Amino acid sequence: MRAVICRAWGDVEGLTLEDVEAPEPGPGQLLIDVKATGINYADAIMVAGKYQTRPEFPFSPGLETAGVVAQCGSGVTRFSPGDRVMAILKYGGLAEQAIADEVETFAIPRRMPFDEAGAFPVVYISSHVAIRWEGRLEAGETLLVLGAAGGVGLTAVEIGRAMGARVIAAASTAEKLGVAREHGADAVVNYATEKLTDRVMELTDGQGADVCFDPVGGELFDAALSSLGWGGRMLLVGFVGGVPQIPANRLLVKNRSALGSSLRYYRWHQPDKLRRSVDELVGWYDAGTLRPLVTHRLPLEESVAAIRLLMDRKAFGKVVVVPGAGGA
Ligand SMILES: NC(=O)c1ccc[n+]([C@@H]2O[C@H](COP(=O)([O-])OP(=O)(O)OC[C@H]3O[C@@H](n4cnc5c(N)ncnc54)[C@H](OP(=O)(O)O)[C@@H]3O)[C@@H](O)[C@H]2O)c1
């Protein structure tokens with residue numbers, strides 16, 4: 001099979017497309033014929049050797065996929081060959097076939113096409129576990145979302161809206177804010193041209209937001225923390241702009257908390273919540289509440305360009321790689 005291969009830590013331009021042996025599913029694993037693999041910012045971080053996990057060389061990046069079950073390893077009970085599935089992967093999605101653990105594999109909703117399914121698991125489930133279980137967002141509260149037209153950002157906007165919150169979307173361009181509005185944001189802030197804290201205070205009558213979903217960090221973090229009101233919860237989701245430091249006094253004075261949320265570890269620590277998140281998300285999808293946005297569908301040979309779109313801040317919603325396609 002063809003696969004995008006990483007043989008050394010570095011830039012994504014070092015990735016190569018190669019013919020390799022198809023992987024074999026071990027106990028509790030599935031071999032999936034890949035139809036679509038969603039690109040995540042973390043793919044670039046993994047190839048650079050800076051992700052939470054560092055696979056052994058050679059490996060294929062790709063943290064999620066959708067396709068058809070080709071083969072089941074021993075002990076697999078929920079799926080059979082021929083089933084349409086989507087999965088969170090350790091890595092390996094940028095290939096014609098990928099290995100998934102059954103515990104992080106889910107049936108694709110009947111009406112969901114493969115490109116949406118390949119882009120669904122990481123962003124929707126990550127945003128959901130952060131907002132529902134760590135942020136404990138309640139209907140009527142205000143959710144501030146940074147990077148609101150990006151992968152996890154846009155799904156956070158939709159999820160906040162689905163949970164009955166008022167959503168303030170923050171991003172760097174008018175076009176991105178337009179996308180966030182189309183996906184349910186009630187109000188927007190352009191943090192390239194406006195002062196984030198001032199604008200959030202204005203939009204909340206000086207009360208501040210209840211929850212902030214932050215996949216950006218860096219220089220925006222401080223302003224985002226100041227935008228939180230009494231009892232505000234800061235969700236630490238990602239650090240595309242750099243890892244911020246938290247001044248403890250700024251938490252104390254307003255009873256704020258800062259909460260880390262990592263999808264990667266839910267399967268080990270809270271598998272029940274992982275399942276409940278997927279059930280709620282699939283229910284919302286079936287009801288038409290969630291509208292996954294896939295803006296680019298690129299063939300496997302253009303995987304590097306696909307990852308570059310995210311690194312260059314040119315992506316909206318999700319970019320997917322479709323191994324069987326000539327691109328679009
Ligand atoms: N904790 C978890 O479970 C979890 C799960 C998934 C992803 N993540 C993390 O969340 C972050 C975002 O991932 P993603 O896949 O959603 O990425 P993405 O689609 O590329 O979105 C990132 C957004 O961040 C903003 N941004 C600000 N500074 C940036 C910079 N220097 N470079 C690139 N983007 C920048 C961009 O919006 P503007 O241009 O509007 O600022 C962009 O839309 C990553 O750090 C990723 O590892 C965490």
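As the structure is a prediction and not an experimental result, all values here were calculated from the model. (Residues numbered from 1 in each chain as written. Predicted model: local features only at pLDDT ≥ 70, side-chain atom pairs only at ≥ 80, totals over all residues. Heavy atoms only, no water.)

Here we come to the pattern of salt bridges. Counted according to the given criterion, the structure contains 16 salt bridges. One salt bridge connects Asp186 with Arg161, and the closest N-O pair in it is separated by 3.6 Å. Of the two residues, Asp186 sits in the loop between helix H5 (174-182) and strand S10 (187-190) while Arg161 sits in helix H4 (residues 151-162), which places them 25 residues apart along the sequence. A relative accessible area of 34% means that Asp186 is categorised as partly exposed. Assessed through its relative accessible area of 43%, Arg161 is described here as partly exposed. (Salt bridge = Lys/Arg side-chain N within 4 Å of Asp/Glu carboxyl O. Helix = DSSP H or I, 4+ residues; strand = E, 2+ residues; numbered from the N terminus. Buried < 20%, exposed > 50% of the residue type's maximum accessible area, 1.4 Å probe, protein only.)

Estimates place the volume of the second largest pocket at around 350 Å³. Elements with a minimum of two residues in the lining of the second largest pocket: strand S1 (2-5) and strand S6 (97-101). Examining the composition of the lining of the second largest pocket, we find that 5 residues originate from one element, S6, more than from any other. (1 Å grid on protein atoms, 1.4 Å probe; cavity = no way out; pocket = protein on both sides within 12 Å on 5 of 7 lines; lining within 4 Å. Points joined across faces, edges and corners; volume = space filled by probe spheres on them.)

This paragraph deals with the pairing of strand S12 (residues 228-236). Burial of S12 is extensive: 7 of the 9 residues sit out of reach of the surface. Relative to strand S13 (residues 257-260), S12 runs parallel, the two sharing 4 bridges. Residue pairing across strands places Leu235 opposite Leu259, the latter belonging to S13. (Pairing = 2+ DSSP bridges.)

Axis angle and axis distance: for two packed helices, these are the angle between their axes and the distance between the axes, and together they describe the pair. Running from N to C, helix H3 (residues 121-134) and H4 cross one another at 55°; their axes reach a closest spacing of 8 Å. With respect to H4, the element H3 is oriented oblique. Judged by the twist between their axes, the crossing of H3 over H4 is right-handed. Taking contact as the criterion, the partners of Val123, Tyr124, Ser126, Ser127, His128 and Ile131 in H3 are, on H4, Gly151, Val152, Thr155, Ala156, Glu158 and Ile159. Residue composition of the contact of H3 with H4, grouped by class: 6 nonpolar, 5 polar and 1 charged. (Axes fitted to C-alpha atoms, helices over the stretch in contact; angles between N-to-C directions. Parallel < 35°, antiparallel > 145°, perpendicular 65-115°, else oblique. Left-handed = near helix turned anticlockwise from the far one by under 90°. Contact = heavy atoms within 4.5 Å. Nonpolar A, V, L, I, M, F, W, Y, C, P; charged D, E, K, R; others polar.)

We now examine the sheet that holds strand S11 (residues 209-214). Spatial strand order, S10-S9-S8-S11-S12-S13: 6 strands in an open sheet with parallel pairing. Each end of this open sheet is capped by a strand with a single partner; those strands are S10 and S13. Going across the sheet, the axis of each strand differs from the next one's by a mean of 20°, ignoring polarity. Contacts between H4 and the sheet are confined to strand S8 (142-146), strand S9 (166-171) and S11, with S8 contributing the most and set at about 170° to the helix. Contacting S9 and S10, H5 crosses the sheet at an angle of about 160° to S10.

Here we take up the domain arrangement of the protein chain. Here the protein chain is partitioned into domain 1 (2-120 + 292-321) and domain 2 (123-265). Look at where the C-alpha atoms of domain 1 and domain 2 centre, and you get two points 27 Å apart. Tallying the contact residues gives 19 residues for domain 1 and 18 residues for domain 2. Here domain 1 packs against domain 2, burying approximately 1,500 Å² in sum over the two surfaces, 58% of which is carbon and sulfur. When residues of domain 1 are sorted by the area they lose upon contact with domain 2, Phe120, Arg313 and Phe316 head the list and together hold 33% of the total. Run the count over domain 1 and domain 2 and you get 0 salt bridges. Residue composition of the side of domain 1 that touches domain 2, grouped by class: 12 nonpolar, 3 polar and 4 charged. (Domains from an automatic or database assignment. Buried area = accessible area lost by both parts, 1.4 Å probe.)

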